[in-house]
Amino acid sequence: MSETYLCSSKPLETDTFEHCYTVSIEDFSRETLWKSDAINPCGTFVFELLDSENRIDVIVNNQIVANLGPSSNPFSLNKTILTASPLTDITISNIGLATTVKIQLKLQLNYECC
């Protein structure tokens, strides 16, 4: 799909990505789920924590943007929607002992082309 910015003559390309991750994370460690390949996109994503015994931090561009889980707590937040420009990476951080985490990530990227 290609559109044009209002203030630019460059076309705007859009890519959509969806993936369900099952990740084993060590004690208090990080796992990168997506990283830009230097095209400096902006993007909107839906991040849903499906299963985790621990709280998980969602980190975008090296900044914590959401705290999700644990899935056993009915009062905890399990989903976040965020738009970032630029969007360089999406990482999760395990706040607790080693665990297996199940995550649904839907991502729409927009970037200038040519």
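The structure we're discussing is the one just above.
Residues numbered from 1 in each chain as written. Predicted model: local features only at pLDDT ≥ 70, side-chain atom pairs only at ≥ 80, totals over all residues. Heavy atoms only, no water.

Engineer: Is there a simple way to think about the overall build of the chain in this case?
Structural biologist: Across its full length, the chain carries 0 helices and 9 strands. Listed N to C, the secondary structure of the chain is β-β-β-β-β-β-β-β-β in terms of helices and strands. Along the first, second and third principal axes, the C-alpha atoms of the chain reach 50 × 25 × 20 Å. For the chain, the proportion of its 114 residues judged to be buried stands at 39%. Within the chain, contacts between residues at least 6 apart in sequence are counted, and of these 72% link residues at least 24 apart. Accessible surface computed for the chain: about 6,700 Å², of which carbon and sulfur atoms make up 50%. With 7 positive and 14 negative side-chain charges, the chain shows a spacing of 3 Å between the two charge centroids. (Helix = DSSP H or I, 4+ residues; strand = E, 2+ residues; numbered from the N terminus. Buried < 20%, exposed > 50% of the residue type's maximum accessible area, 1.4 Å probe, protein only. Contact = heavy atoms within 4.5 Å. Areas by Shrake-Rupley, 256 points an atom, 1.4 Å probe, with all protein chains shown as cover. Lys, Arg positive; Asp, Glu negative; His and termini not counted. Charge placed at Lys NZ, Arg CZ, Asp CG, Glu CD.)

Engineer: Looking at this structure, I do not really get the sheet that holds strand 3 (residues 30-35). What am I missing?
Structural biologist: Two orientations exist for strands paired in a sheet by backbone hydrogen bonds: parallel and antiparallel. The strand order across the open sheet built from 4 strands is 3-8-5-6, with neighbouring strands paired in antiparallel fashion. In the strand order of this sheet, the two ends are held by strand 3 and strand 6 (63-68), each with one partner. For this sheet, the mean angle separating the axes of adjacent strands, direction not counted, is 25 degrees. Relative to strand 8 (residues 89-95), strand 5 (residues 55-60) runs antiparallel, the two sharing 6 bridges. Along strand 8, the bridge assignment pairs Arg 55 with Ile 95. (Pairing = 2+ DSSP bridges. Axes fitted to C-alpha atoms, helices over the stretch in contact; angles between N-to-C directions.)

Engineer: What is the right way to look at the pattern of salt bridges in this model?
Structural biologist: For side chains bearing opposite charge, pairing can occur when the charged atoms are close. Enumeration according to the criterion identifies 2 salt bridges in this entry. Across the pair Lys 79 and Glu 48 runs a salt bridge whose closest N-O atoms are separated by 4.0 Å. Taken together, the residues span a long stretch of sequence, with Lys 79 in strand 7 (residues 79-84) and Glu 48 in strand 4 (residues 42-51) at a distance of 31 residues. Between Arg 55 and Asp 57 there is a salt bridge, with its nearest N and O atoms 3.3 Å apart. Relative accessible area serves as the criterion here: at 35%, Arg 55 is assigned to the partly exposed category. (Salt bridge = Lys/Arg side-chain N within 4 Å of Asp/Glu carboxyl O.)

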